[in-house]
Amino acid sequence: MKDVFITANTIISPLGFDSEANVSAIANEQSGITLHNNISTSPCYASIIDHKKLDDAFSKIGDSKIYTKLEKMMILSLQDTISQAAFSISDKTALIIATTKGNIDALNNNFEPERAYLPALGNKIKEFFGFKTEPIIISNACVSGILAIAVAKRFLQNDYYDNAFVVGGDIVSEFTLSGFQSFQAISKNPCQPFSKHRTGISIGDAAASVAITTNTSESEAIQIIGDGSCNDANHISGPSRTGEGLYLSIISALKEANIKPESIDYISAHGTATAFNDEMEAIAFNRAKLEKTPLNSLKGYYGHTLGASGLLEAIVGIHSLKNNMLYKSLGMDELGVTMPLNIIENTTKKELKTFIKTASGFGGCNTAVIFKKVEQ
Amino acid sequence: MKKQLKIIAYCRIKNNAISLNGKSIITKDKDLSFSDFAKQIYKEKQLAYPKFFKMDNLCKLAFLTSEFLFEAAKLDSEIIKNTGIVLSNKASSLDTDRKHQDTINDKDNYFPSPAVFVYTLANIMIGEISIRHQIKGENAFFVSEKFNETLIEHYASSLIINRKSSHILCGWVDVDNNNYDAFMYLVAEEGSYNYSKEIIKNIYTQN
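Notes on the structure in this doc start here. Treat the numbers as computed from the prediction; the structure is a model and nothing was measured.

**Observations concerning the overall build of chain B**
- In terms of regular secondary structure, chain B is built from eight helices and eight strands.
- In terms of overall size, chain B behaves like a compact globule, its C-alpha atoms giving a radius of gyration of 17 Å where 207 residues would be expected to give roughly 17 Å.
- As displayed, chain B offers around 8600 Å² of accessible surface, 47% of which is attributable to carbon and sulfur atoms.
- Averaging the coordinates of the 27 positive side-chain charges in chain B and doing the same for the 25 negative ones gives two points 5 Å apart.

Right, dumping it as structure tokens:
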């Protein structure tokens, strides 16, 4: 099997419009989550990209009136990633798009409702950059972003494409907010993953993108060495009580990477801060013998960015490897799960080589992908 | 290293008719609504699976198609457990998304419901099929303008070549307002019918 690497990357979030700005905000323990008075029937914490800042940045590359908020976020992100990448778009370059709800706000805003169809979103992005292949759109609930990396790796290993640009994005909408509220899953304070005091999720806007290739000249390259994406086969909206699908995904990824759990230096967990999700993850990590591995959830910085989250958090993980830094799991105070976990309580410097990114979502889906820093 | 794959079984449900491996097995009145059609099929097959009635139309369609397919395929339970599921459609979950949107448009009549919201994700159909058959294999849900047999072939082959799953449930399950269309097929290294994306495209367009 060919080696596959992640190279260029860009995060668009309230913490900044490139990866470096985002990572530096995380190092300073800044959160994008603030109280908003006009996004729901009552005030609510969320991590939201300011419209004016987005339009100012977007107007340098396009007409901000004809694109939706999500399209502007995704296009801005990809524009930066494409300009950084060492390859250009060819007829064997894949465009992979990951989103949970896409332009769902088009059901109730000034854009045509047809804009809510995901292929319409795909075409806007394809046309903006002149991609030569049909967009590959993944909509697999909250694992979409990290699953997109696994899909890209598998397509490149089997020679269906030479390289790929992967972009993930989702927005805070009344649609998703009202739905999570009906589940009583929205936290009354900024979310606190894995804490004893957690009361639910905060949601957030983000877009993130990466370039994926079998060829890199970087001296310190990030290789994707294993992946797995397994179902709980248990419940459509409740996490498995045994962490089954997440456990199986981690085992599948470890087996492919041909490494033991103790070779993992860091876990970038999903950690949504709902009672059941965080407990499920703790069980799965213990079953996989990863309970001593330093772990964080980045939801305290971004909220839950749905289909973007796995990709966004994988990019921060890549910067952790490159900077040899373990970033604090923001919002953590007292451990609130029944199994031991090694939560990162303070940002610390540490030599890192390998990390695992995991995510879980409605429909019982789970994904785990392992990344390794290789000197060449 | 490409592998020659085979089709084990295939099933098509559209226009209130069901065909299995190319043969028509059930035809109902074309004027029936999809929900009435689905209810009749459920009763006639004596499925005794009450969760069916909680599902939205998209999940009902996916569930029924997979019932016929797994019944015909007669797979060993160990194989079923590790089967990959790769499904796709055009409208994602928009058919149910519109219903959820209707519950929040009016601030004076605001009634979002978890029972509706949970179905505002197309991949829930993969969850429903997985629960029914206890499948803990690889999952992916793709969205495309029309059924893209090449994309599904690439991903199913990748899963088999990368040794993630030996059998893959593939297909297209779309529900959008009053229109619906389901086509599912099981592929593996051994099976009764030849497989290629051209063959799949022919079956899809002719059935």
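The structure having been displayed, the exposition proceeds.
**With respect to the packing of aromatic side chains**
- A full pass over the atoms with the stated rule returns 34 aromatic pairs over all chains.
- Arranged with centres 6.2 Å apart and planes meeting at 65°, the rings of Phe183 of chain A and Phe117 of chain B form a pair that is edge-to-face. Here the residue Phe183 of chain A occupies a position in the loop between helix H6 (174-182) and strand E7 (203-204), and Phe117 of chain B occupies one in helix H5 (residues 114-117), the pair thus bridging two chains.
- A relative accessible area of 27% means that Phe183 of chain A is categorised as partly exposed.
- Centroid distance Phe147 of chain B to Tyr204 of chain B: 4.8 Å. Interplanar angle 50°. Geometry classified as tilted. Residue Phe147 of chain B is located in the loop between strand E5 (139-143) and helix H7 (149-161), and its partner Tyr204 of chain B is located in helix H8 (residues 197-206); the two are separated by 57 residues in the primary sequence. Summarising the burial analysis for this pair, Phe147 of chain B and Tyr204 of chain B share the class buried.
- Among the aromatic residues, those joined into a cluster by ring pairs are Phe58, Tyr67, Phe87, Phe128, Phe129, Phe131 and Phe165 of chain A.
- In this structure, Arg287 of chain A packs its charged tip against the face of Tyr247 of chain A, placed 4.1 Å from the ring centre.
- Sitting over the ring of Tyr117 of chain A, Lys90 of chain B keeps its end group 5.3 Å from the ring centre.

**Describing the pairing of strand E9 (residues 220-228) of chain A**
Residue and element names in this part refer to chain A.
- Within E9, eight of the nine residues are buried, leaving the element largely enclosed by the surrounding structure.
- Bridge count for strand E1 (residues 5-12) against E9 is two bridges, and the pairing is antiparallel. Note on E9: the bridge partner recorded for Phe5 is Gln223.
- Bridge analysis of E9 against strand E16 (residues 365-375) gives eight bridges, and the strand direction is antiparallel. Residue Gln223 lies in a different strand from E16, and its bridge partner there is Lys372.

**Details of the interface of chain A and chain B**
- If you look at the interface, chain A gives 52 residues, while chain B gives 52 residues.
- Of the roughly 4400 Å² buried at the junction of chain A and chain B (both faces included), carbon and sulfur atoms supply 59%.
- Looking at the side of chain A facing chain B, the largest losses of area belong to Tyr117, Tyr160 and Ile236 of chain A, adding up to 15% of the total buried there.
- Linking chain A with chain B are six salt bridges, by the criterion used here.
- As a salt-bridge pair, Lys164 of chain B and Asp227 of chain A come within 3.8 Å of each other at their nearest N and O atoms.
- Inspection of the chain A/chain B interface yields 28 residue pairs in polar contact (both at pLDDT 80 or more).
- Elements supplying a minimum of two residues to the side of chain A that touches chain B: helix H4 (118-129), strand E5 (136-138), helix H5 (144-157), H6, E9 and helix H7 (244-257) of chain A.
- A per-element tally of the side of chain A that touches chain B places H6 of chain A first, with seven residues.
- Per-class residue counts for the side of chain A that touches chain B are 24 nonpolar, 19 polar and nine charged.
- Judged from the two bridges that link them, E5 of chain A and E5 of chain B form a sheet pairing that is antiparallel. When the bridges of E5 of chain B are listed, Ile137 of chain A appears paired with Val143 of chain B.

**Section: the nonpolar core**
- Ranked by size, the top nonpolar core spans 182 residues in total, and within it Ile96, Ile149, Ile212 and Phe371 of chain A together with Phe142 and Tyr185 of chain B carry the most contacts.
- Sort the elements by how many residues they give to this core and helix H2 (residues 57-73) of chain B lands first, with 10 residues.
- If we skip the residues at most four places from it in the chain, Ile149 of chain A touches Ile6, Ile212, Ile224, Leu311, Ala314, Val369 and Phe371 of chain A.
- Ranked by size, the runner-up nonpolar core spans 24 residues in total, among them Ile225, Ile250, Met332 and Ile356 of chain A.

**Some points on the pattern of salt bridges**
- Taken as a whole, this structure holds 29 salt bridges over all chains when the rule is applied.
- For Lys153 of chain A, the salt bridge is made with Asp227 of chain A, and the minimal N-O distance between the two is 2.8 Å. Pair noted here: Lys153 of chain A is in helix H5 and Asp227 of chain A is in strand E9, with a separation of 74 residues, a long-range link.
- For Lys153 of chain A, a relative accessible area of 0% translates into the label buried.
- The class of Asp227 of chain A is buried, set by a relative accessible area of 0%.
- Among the ionic pairs, Glu313 of chain A bridges to Lys299 of chain A, the shortest N-O distance being 2.8 Å. Placement of the pair is Glu313 of chain A in helix H10 (residues 309-323) and Lys299 of chain A in helix H9 (residues 299-302), with a sequence separation of 14 residues.
- Assessed through its relative accessible area of 0%, Glu313 of chain A is described here as buried.
- Residue Lys299 of chain A is classed as buried on the basis of its relative accessible area, which comes to 0%.
- Residues participating in the shared-partner salt-bridge network are Lys153, Arg154, Asp227 and Glu256 of chain A together with Glu138 and Lys164 of chain B.

Scoring rules and cut-offs
Residues numbered from 1 in each chain as written. Chains lettered and ligands numbered in written order. Predicted model: local features only at pLDDT ≥ 70, side-chain atom pairs only at ≥ 80, totals over all residues. Heavy atoms only, no water. Helix = DSSP H or I, 4+ residues; strand = E, 2+ residues; numbered from the N terminus. Rg over C-alpha atoms; globule rule 2.2 N^0.38 Å. Areas by Shrake-Rupley, 256 points an atom, 1.4 Å probe, with all protein chains shown as cover. Lys, Arg positive; Asp, Glu negative; His and termini not counted. Charge placed at Lys NZ, Arg CZ, Asp CG, Glu CD. Phe/Tyr/Trp six-rings, centres within 6.5 Å; stacked < 30°, edge-to-face > 60°. Buried < 20%, exposed > 50% of the residue type's maximum accessible area, 1.4 Å probe, protein only. Lys NZ or Arg CZ within 6 Å of the ring centre and 35° of its normal. Pairing = 2+ DSSP bridges. Contact = heavy atoms within 4.5 Å. Buried area = accessible area lost by both parts, 1.4 Å probe. Salt bridge = Lys/Arg side-chain N within 4 Å of Asp/Glu carboxyl O. Polar contact = N/O pair within 3.5 Å; in protein donor to acceptor, adjacent residues only side chain to side chain. Nonpolar A, V, L, I, M, F, W, Y, C, P; charged D, E, K, R; others polar. Core = buried A, V, L, I, M, F, W, Y, C linked by side-chain atoms within 4.5 Å.

Nothing here speaks to function; it is geometry throughout.
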